[in-house]
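Reading the structure
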Amino acid sequence: MSEQPTGSGEEKKATVAIRVSPSFKQQLDSVVALTGMTLNNAGVEALEDWVAKILSDASVREKAMANLEAEERALRERKEALAAMLGDDTSTPEGTSRSTRSKK
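Scoring rules and cut-offs
- Residues numbered from 1 in each chain as written.
- Predicted model: local features only at pLDDT ≥ 70, side-chain atom pairs only at ≥ 80, totals over all residues.
- Heavy atoms only, no water.
- Helix = DSSP H or I, 4+ residues; strand = E, 2+ residues; numbered from the N terminus.
- Buried < 20%, exposed > 50% of the residue type's maximum accessible area, 1.4 Å probe, protein only.
- Areas by Shrake-Rupley, 256 points an atom, 1.4 Å probe, with all protein chains shown as cover.
- Expected span 1.5 Å × (residues − 1).
- pLDDT = per-residue confidence, 0-100.
- Contact = heavy atoms within 4.5 Å.
- Patch = residues over 30% accessible without salt bridge, like charges linked within 9 Å, V, L, I, M, F, W, Y side chains within 5 Å.
- Salt bridge = Lys/Arg side-chain N within 4 Å of Asp/Glu carboxyl O.

**Structural notes on the overall build of the protein**
Assigned secondary structure in the protein consists of three helices and two strands. Secondary structure elements of the protein, listed N to C terminal, follow the sequence β-β-α-α-α. The buried share among the 104 residues of the protein stands at 3%. A total accessible area of about 9,300 Å² is found for the protein, and carbon and sulfur atoms account for 56% of it.

**Things to note about helix α3 (residues 58-85)**
Between its first and last C-alpha atoms α3 spans 41 Å; for 28 residues at 1.5 Å apiece the expected length is 40 Å, and the two agree. Positive backbone phi, approximately 80 degrees, marks Gly 87, located one or two places after α3.

**So, the confidence of the model for the protein**
With 76% of its residues at a pLDDT of 70 or more, the protein shows a mean pLDDT of 84. With pLDDT under 50 throughout, residues 97-104 is counted as low confidence; its partners more than four residues away or in other chains account for eight contacts.

**Section: the environment of Val 31**
Following the sequence through the fold, Val 31 ends up in helix α1 (residues 22-35). Accessibility expressed as a relative area gives 48% for Val 31, which makes it partly exposed. Separated by 11 residues in sequence, Val 31 and Ala 42 have C-alpha atoms that sit 9.6 Å apart.

**Topic: a nonpolar patch on the surface**
Nonpolar side chains collect at one region of the surface, where Val 16, Ile 18, Val 20 and Phe 24 lie side by side and expose about 340 Å² of accessible area between them. Inspection of the secondary structure puts Val 20 in the loop between β2 (13-16) and α1.

Below is the structure:
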């Protein structure tokens, strides 16, 4: 799939290309013509329905939360590593602040 940003203003759109067999493409075109929808709108609707179905699965939601927590942990570790390299030791893993500089 490829994604290309399109549009302007407040809502930018991305193009997502999928490959289907020629016979399925003919079916899509026929069904879309019967409904009066555009192929784009039909595709968006189908993908939104599919995402909603997938996200209704508790195990998928648990995986998503675990991935989010792992990303947050990795970002904290990067922040701490950069702070240590820059000599800024004011942040702790808990997100609280501490000062290691001597006061004069």
